[in-house]
Each structure stands twice: as C-alpha cells, then as structure tokens.
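Each chain is listed here by its residues.
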Amino acid sequence: MKTYSTAPGSERVKDIVCNICGSALCREYLLIDSARFVKCSRCGLVYQNPQPVFDDLKRRYSEEYFNYERINEKNFFNLMRLGLKDIDFTNLTANIKKTGNTFLDIGCATGMLLESMRKEGWEVKGVEICEGSAGYGRRMRKLDIYTGTLEEANYDNDTFSVVHFSHLIEHLNDPEKFLREVYRILKADGYAVITTPNVNGFQARILRGKWRSAIPDHLYLFSKKTLYSLLKLTGFNILKTVTWGGAAKGLVPGFIKYPVDKMAKSFGFGDVMLVLINKG
Ligand SMILES: [Zn+2]
C-alpha cells in the first residue's frame, strides 16, 4: 500500500537546481504519475524537477489530507514513539530539560505527539500547514499550533530545546532554507530529530517506482549520504542515525521479513531513517 498522495492536477511548476550543490546537471531517476524525479549528477541528491510552486503545493494539505492524518494519527504516533525510544530520548534530554523544556514539532498534524510530550513535562508548540489538522489539535487537545510554515511562524533565536520533524523535510521546496531556520531557533545545547524515507534503503532499491515513499508529495528522496551533506552544509553535527523497515509487507513471507527487518536495522539500510543532530 502506498502512502497518501494527492493528484497534482493543474499546479504551476518550476525548474529548480540541486538544493545541496546548486548544480543544474541531473539525470532521470523515476517517473511517478506526473512527478519527475531526477538525480543530481554532481552530488547524487534525488529530487523532483520541475517542482510545484509553493502557493499551489500548499493546497494539497486540504480537508482531505486532514482526514488522512486524523484516521492515521495513532499509527503515526506509535511509529514516532518507537523512533524516540531507539535514540533513548528520555535519558538523552534529561539534562537539557532541567535548563529548558521547550519542544517544537514541525508538521505536527493533529498534535498527538505534542499532547504526550506535554504530559512528560515539556512545554510544547507545533507548526502545521494543514488548517484542518492544526485546528483539530488546538480545539481537541488545547495545543499551541501555528498554521503555516516554520519560516512564517518566525520564532526568536535559540528558542527550542528540541525540534522534532517526522516525514516533513521531504515535502518541502527548499530543505536547505528550512534547516537554516531550524538551526536559528534551536538552543545551543538543544537537539533536532529528523525522520524521512531512505532512498538507499532495501525497499527503495528493490521496488523502485512501487516504493511506498516514491510519491508526488515527496519533493526530495534523501539517502543517508545526501541528508548528511545537507546537514553539514547548514551547520549541524550528526550524532546518531537509526533506520527501520527492510522487507515490504506482502513482498516476502513472514519468516523472511522478520530477519530482513532486523538486518536492515543493524546495517542501516532500512526504509525510513531517523537522524539525531545538534548545533555543530
Ligand atoms: Zn547536487
């Protein structure tokens, strides 16, 4: 089963250059519906080119998208929790929590993670572009959620102890600009946690165009190498990486899936990766 995706329809698109190295040289990588993915000839970044312009792109995060996020909120929440457990988040942040306990979730959807973090003593804030999801979190969970982009929220320098964004960065037109903004608002002793699909993972390599993350809503498909390059370029220090998911469900029998998943995790070629970073 593929991840949710909206049909692009009549969006305006523009040609772009590589977000990491600025090169315009690229070659065809994948064609998914009307979305053309290319690979940068210089640094290997996989990205959509041309890309929908932001004003049209944001219309995808409509009422329909809110329904998808609401229906799946528990599943997504459980996956995010597992990721945080893998990096031993509670112990990791025990010290910084004494001096500052501000937690920002960007692309926070309906706010289920924020609600659970608040119970653990964090002072939580969210950013969410989908008005339906943001409104639901504000109304039902009494959360402080800004509707719009991180740049529009315009937080002060060095505001947050933890900045978390799961399955968000691959949806953005300009991940470099976004990461520079994360850097600006993150405290000197703070952490940022990124989760995104891994285009070099086992599933992506085998399934290619049928991979669940190869969808028009994903403007970038990072590998560990390209994500690390972008993080270093924007000043971050990489502390830890975890990957999950080896064999696709239904693709292989269960007795193979379990060991393959375990191996994918041990050797870092899982379908999804989580990277823990701080200010270098
Ligand atoms: Zn490049």
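It should be noted that the structure appears before, not after, this text.
The sections below set out a description of the structure shown in this document.

**Details of the coordination of the zinc ion**
Octahedral metals with six donors have ideal donor angles of 90 or 180 degrees. Tetrahedral metals with four donors have an ideal donor angle of 109.5 degrees.
So, point 1. Distances from the zinc ion to its protein donors, C18 (SG), C21 (SG), C40 (SG) and C43 (SG), fall at 2.3 Å.
So, point 2. Angles of 100 to 121 degrees at the metal separate the four donor atoms of the zinc ion, which places the site in the tetrahedral class.
So, point 3. Read from N- to C-terminus, the donor residues coordinating the zinc ion fall into the pattern C-x2-C-x18-C-x2-C. Placement of C18 in the loop between β1 (13–14) and β2 (26–32) and of C43 in the loop between β3 (35–40) and β4 (46–48) is noted, with a sequence separation of 25 residues between them.

**Points about the nonpolar core**
So, point 1. With 37 residues, the main nonpolar core has I106, V163 and F165 as its most contacted residues.
So, point 2. Listed by contribution, the elements that provide at least two residues to this core are β3, β6 (102–106), α8 (150–153), β9 (160–166), α9 (175–185), β10 (186–197), α11 (224–233) and β13 (272–279).
So, point 3. Counting residues per element, this core draws most heavily on α9, at four residues.
So, point 4. Here V163 is in contact with L104, I106, V182, I185, L186, Y191, A192 and V193, once residues within four sequence places are set aside.
So, point 5. Ranked by size, the runner-up nonpolar core spans 23 residues in total, among them C108, L114, W122 and V124.

**Considering the pairing of β9**
So, point 1. The buried fraction of β9 is high, at seven of seven residues.
So, point 2. Here β6 pairs with β9 via three bridges, running parallel. Note that in β9 the partner of F103 across the bridge is V162.
So, point 3. Two elements, β9 and β10, share six bridges in a ladder whose sense is parallel.

**Description of helix α7 (residues 131–141)**
So, point 1. Residues of α7 that are buried include every one of G132, S133, A134, G135, Y136, G137 and R141, and no others.
So, point 2. In this fold, the buried residues of α7 make contact with α2 (63–71), α3 (73–86), α6 (112–119), β7 (123–128) and β8 (145–147).
So, point 3. Just downstream of α7, K142 is the residue with a positive phi angle, here 55 degrees.

**Let's talk about the side chain of T195**
So, point 1. With respect to the helices, strands and loops of the structure, T195 is situated in strand β10.
So, point 2. Beyond its immediate chain neighbours, meaning those up to four positions away, T195 contacts F165, S166, H167, L168, E170, W244, V272, M273 and L274.

So, how was this worked out
- Residues numbered from 1 in each chain as written.
- Predicted model: local features only at pLDDT ≥ 70, side-chain atom pairs only at ≥ 80, totals over all residues.
- Heavy atoms only, no water.
- Donors = N, O, S within 2.8 Å, 3.2 Å for Na, K, Ca; no water.
- Tetrahedral: all angles 85-135°; square planar, octahedral: opposite > 155°, others 65-115°.
- Helix = DSSP H or I, 4+ residues; strand = E, 2+ residues; numbered from the N terminus.
- Core = buried A, V, L, I, M, F, W, Y, C linked by side-chain atoms within 4.5 Å.
- Buried < 20%, exposed > 50% of the residue type's maximum accessible area, 1.4 Å probe, protein only.
- Contact = heavy atoms within 4.5 Å.
- Pairing = 2+ DSSP bridges.

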